[in-house]
Amino acid sequence: MIQHLRNIRDSVIRIIDWFYFPFLYFIPREVFRYAVTGGLNTLFDLTLYFVFYRYILDMQIVDLGFIHISAYIAAFMMVFPITFLTGFLLAKYVTFNASELRGRIQLFRYGITVLGAILLNYIFLKLFVEYFGWYATFSKGITTIIVVIYSYVSQRYFSFKTAQLAIYRKATD
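Residues numbered from 1 in each chain as written. Predicted model: local features only at pLDDT ≥ 70, side-chain atom pairs only at ≥ 80, totals over all residues. Heavy atoms only, no water.

Asker: How do you make sense of a nonpolar patch on the surface when you look at a structure like this?
Answerer: Residues Y72, I73, F76, M77, L115 and I118 make up a contiguous nonpolar surface patch of about 600 Å² in total accessible area. Looking at the nonpolar patch, the elements that each hand over two or more residues are α3 (71-95) and α4 (103-131). Per-element accounting of the nonpolar patch gives the leading share, four residues, to α3. Checked against the element boundaries, Y72 lands in helix α3. A relative accessible area of 47% means that Y72 is categorised as partly exposed. (Patch = residues over 30% accessible without salt bridge, like charges linked within 9 Å, V, L, I, M, F, W, Y side chains within 5 Å. Areas by Shrake-Rupley, 256 points an atom, 1.4 Å probe, with all protein chains shown as cover. Salt bridge = Lys/Arg side-chain N within 4 Å of Asp/Glu carboxyl O. Helix = DSSP H or I, 4+ residues; strand = E, 2+ residues; numbered from the N terminus. Buried < 20%, exposed > 50% of the residue type's maximum accessible area, 1.4 Å probe, protein only.)

Dropping the structure here:
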(Lines give C-alpha, C1' and ligand atoms only; values in the text may rest on other atoms or scores of the structure.)
Protein backbone atom coordinates (compact mmCIF):
# COMPACT_ATOMS: atom_id res chain seq x y z
CA MET A 1 0.00 0.00 0.00
CA ILE A 2 2.79 2.45 0.93
CA GLN A 3 4.62 1.67 -2.31
CA HIS A 4 1.40 2.34 -4.23
CA LEU A 5 1.07 5.76 -2.54
CA ARG A 6 4.71 6.56 -3.33
CA ASN A 7 4.09 5.67 -6.98
CA ILE A 8 1.09 8.04 -7.03
CA ARG A 9 3.20 10.81 -5.45
CA ASP A 10 6.02 10.25 -7.95
CA SER A 11 3.55 10.33 -10.85
CA VAL A 12 2.01 13.59 -9.63
CA ILE A 13 5.48 15.15 -9.29
CA ARG A 14 6.47 13.95 -12.79
CA ILE A 15 3.30 15.43 -14.31
CA ILE A 16 3.78 18.78 -12.58
CA ASP A 17 7.49 18.88 -13.45
CA TRP A 18 6.69 18.09 -17.10
CA PHE A 19 4.80 21.42 -17.28
CA TYR A 20 7.67 23.21 -15.50
CA PHE A 21 10.02 23.36 -18.53
CA PRO A 22 8.71 26.68 -20.00
CA PHE A 23 9.16 28.32 -16.58
CA LEU A 24 12.61 26.86 -15.91
CA TYR A 25 14.45 30.17 -16.19
CA PHE A 26 11.82 32.31 -14.44
CA ILE A 27 10.87 30.61 -11.18
CA PRO A 28 12.32 27.89 -8.94
CA ARG A 29 10.79 24.40 -9.20
CA GLU A 30 9.50 24.55 -5.61
CA VAL A 31 7.61 27.79 -6.30
CA PHE A 32 6.11 26.26 -9.46
CA ARG A 33 5.02 23.13 -7.58
CA TYR A 34 3.53 25.32 -4.85
CA ALA A 35 1.56 27.33 -7.42
CA VAL A 36 0.25 24.22 -9.18
CA THR A 37 -0.69 22.27 -6.05
CA GLY A 38 -2.14 25.35 -4.36
CA GLY A 39 -4.11 26.21 -7.48
CA LEU A 40 -5.44 22.66 -7.80
CA ASN A 41 -6.40 22.57 -4.13
CA THR A 42 -8.17 25.92 -4.47
CA LEU A 43 -10.08 24.65 -7.51
CA PHE A 44 -10.99 21.50 -5.55
CA ASP A 45 -12.15 23.69 -2.64
CA LEU A 46 -14.35 25.85 -4.86
CA THR A 47 -15.85 22.80 -6.59
CA LEU A 48 -16.62 21.06 -3.30
CA TYR A 49 -18.04 24.27 -1.85
CA PHE A 50 -20.36 24.67 -4.85
CA VAL A 51 -21.56 21.05 -4.61
CA PHE A 52 -22.10 21.17 -0.84
CA TYR A 53 -23.80 24.59 -0.89
CA ARG A 54 -25.93 24.05 -3.97
CA TYR A 55 -26.84 20.36 -3.91
CA ILE A 56 -26.16 18.83 -0.50
CA LEU A 57 -27.42 21.73 1.61
CA ASP A 58 -29.76 22.96 -1.13
CA MET A 59 -28.92 26.56 -0.10
CA GLN A 60 -31.05 26.09 3.03
CA ILE A 61 -30.28 27.12 6.60
CA VAL A 62 -28.94 24.22 8.67
CA ASP A 63 -30.91 23.77 11.90
CA LEU A 64 -28.90 21.91 14.54
CA GLY A 65 -31.60 22.36 17.16
CA PHE A 66 -29.59 24.70 19.34
CA ILE A 67 -28.23 26.93 16.55
CA HIS A 68 -29.07 27.85 12.97
CA ILE A 69 -26.21 28.06 10.47
CA SER A 70 -26.50 29.71 7.08
CA ALA A 71 -25.90 27.38 4.14
CA TYR A 72 -22.82 29.24 2.93
CA ILE A 73 -21.13 29.01 6.36
CA ALA A 74 -22.19 25.38 6.80
CA ALA A 75 -20.75 24.54 3.37
CA PHE A 76 -17.48 26.22 4.36
CA MET A 77 -17.40 24.24 7.64
CA MET A 78 -17.98 20.97 5.78
CA VAL A 79 -15.44 21.58 3.02
CA PHE A 80 -12.66 23.11 5.13
CA PRO A 81 -11.45 19.87 6.80
CA ILE A 82 -11.32 18.09 3.44
CA THR A 83 -9.28 20.75 1.64
CA PHE A 84 -7.15 21.35 4.73
CA LEU A 85 -6.10 17.69 4.52
CA THR A 86 -5.56 17.68 0.75
CA GLY A 87 -3.59 20.94 0.98
CA PHE A 88 -1.38 19.49 3.70
CA LEU A 89 -0.76 16.24 1.80
CA LEU A 90 0.11 18.07 -1.42
CA ALA A 91 2.45 20.43 0.42
CA LYS A 92 4.13 17.64 2.39
CA TYR A 93 4.55 15.06 -0.36
CA VAL A 94 4.74 17.12 -3.56
CA THR A 95 5.88 20.70 -2.91
CA PHE A 96 8.06 20.53 0.20
CA ASN A 97 9.06 16.86 0.06
CA ALA A 98 12.68 17.65 1.04
CA SER A 99 11.62 18.64 4.56
CA GLU A 100 13.02 16.43 7.29
CA LEU A 101 10.61 17.55 10.02
CA ARG A 102 8.35 14.89 11.53
CA GLY A 103 4.88 14.69 9.99
CA ARG A 104 2.99 15.60 13.17
CA ILE A 105 5.15 18.72 13.61
CA GLN A 106 4.48 19.66 9.99
CA LEU A 107 0.74 19.15 10.45
CA PHE A 108 0.64 21.27 13.61
CA ARG A 109 2.66 24.05 11.96
CA TYR A 110 0.56 23.84 8.81
CA GLY A 111 -2.55 24.29 10.95
CA ILE A 112 -1.05 27.41 12.51
CA THR A 113 -0.23 28.89 9.10
CA VAL A 114 -3.74 28.13 7.82
CA LEU A 115 -5.27 29.84 10.85
CA GLY A 116 -2.98 32.79 10.15
CA ALA A 117 -4.19 32.87 6.54
CA ILE A 118 -7.83 32.89 7.66
CA LEU A 119 -7.09 35.71 10.08
CA LEU A 120 -5.23 37.72 7.42
CA ASN A 121 -8.14 37.26 5.01
CA TYR A 122 -10.54 38.65 7.60
CA ILE A 123 -8.28 41.57 8.60
CA PHE A 124 -7.43 42.68 5.07
CA LEU A 125 -10.99 42.33 3.76
CA LYS A 126 -12.27 44.42 6.68
CA LEU A 127 -9.53 46.99 6.14
CA PHE A 128 -9.90 47.29 2.38
CA VAL A 129 -13.71 47.21 2.18
CA GLU A 130 -14.82 48.97 5.35
CA TYR A 131 -11.99 51.44 5.95
CA PHE A 132 -10.56 52.11 2.50
CA GLY A 133 -13.95 51.84 0.76
CA TRP A 134 -12.65 49.56 -2.01
CA TYR A 135 -14.92 47.19 -3.95
CA ALA A 136 -15.21 43.77 -2.30
CA THR A 137 -14.05 41.75 -5.32
CA PHE A 138 -11.01 43.97 -5.89
CA SER A 139 -10.26 43.77 -2.14
CA LYS A 140 -10.49 39.98 -2.24
CA GLY A 141 -8.03 39.88 -5.15
CA ILE A 142 -5.46 42.03 -3.34
CA THR A 143 -6.02 40.05 -0.14
CA THR A 144 -5.50 36.77 -1.99
CA ILE A 145 -2.14 37.96 -3.36
CA ILE A 146 -0.99 38.96 0.14
CA VAL A 147 -2.20 35.71 1.71
CA VAL A 148 -0.62 33.50 -0.98
CA ILE A 149 2.76 35.17 -0.40
CA TYR A 150 2.33 34.79 3.38
CA SER A 151 1.33 31.13 2.97
CA TYR A 152 4.29 30.23 0.76
CA VAL A 153 6.85 31.96 2.98
CA SER A 154 5.39 30.55 6.22
CA GLN A 155 5.16 27.03 4.81
CA ARG A 156 8.66 27.10 3.35
CA TYR A 157 10.40 28.60 6.36
CA PHE A 158 8.16 27.34 9.18
CA SER A 159 5.71 24.50 8.44
CA PHE A 160 7.99 22.39 6.28
CA LYS A 161 11.30 24.23 6.78
CA THR A 162 12.98 23.41 3.47
CA ALA A 163 14.80 26.72 3.07
CA GLN A 164 17.43 26.10 5.77
CA LEU A 165 17.93 22.58 4.46
CA ALA A 166 18.66 23.96 0.96
CA ILE A 167 21.09 26.56 2.34
CA TYR A 168 22.85 23.89 4.43
CA ARG A 169 23.19 21.55 1.44
CA LYS A 170 24.70 24.31 -0.71
CA ALA A 171 27.21 25.17 2.04
CA THR A 172 28.38 21.54 2.36
CA ASP A 173 28.74 20.94 -1.40
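Continuing now.
Asker: Teacher, can you tell me more about the layout of surface pockets here?
Answerer: By rolling a water-sized probe across the atoms, one finds the places where empty space is left. Estimated volume of the largest pocket: approximately 1,400 Å³. If you trace the largest pocket, you find 39 residues lining it, with T42, D45, A117, N121 and V147 closest to the centre. Classifying every residue of the lining of the largest pocket by side-chain character gives 23 nonpolar, 14 polar and two charged. (1 Å grid on protein atoms, 1.4 Å probe; cavity = no way out; pocket = protein on both sides within 12 Å on 5 of 7 lines; lining within 4 Å. Points joined across faces, edges and corners; volume = space filled by probe spheres on them. Nonpolar A, V, L, I, M, F, W, Y, C, P; charged D, E, K, R; others polar.)

Asker: So what exactly am I meant to see when it comes to the nonpolar core here?
Answerer: One broad rule of soluble globular proteins: the nonpolar side chains tend to lie buried together. Within the largest apolar cluster, eight residues are counted, these being Y34, F88, A91, F96, Y110, V114, Y152 and F160. Of all the secondary structure elements, the ones that give two or more residues to this core are α3 and α4. Counting residues in hydrophobic clusters, the runner-up holds seven residues, among them I69, A74, A75 and V79. (Core = buried A, V, L, I, M, F, W, Y, C linked by side-chain atoms within 4.5 Å.)

Taken by themselves, the reported measurements are silent on function.
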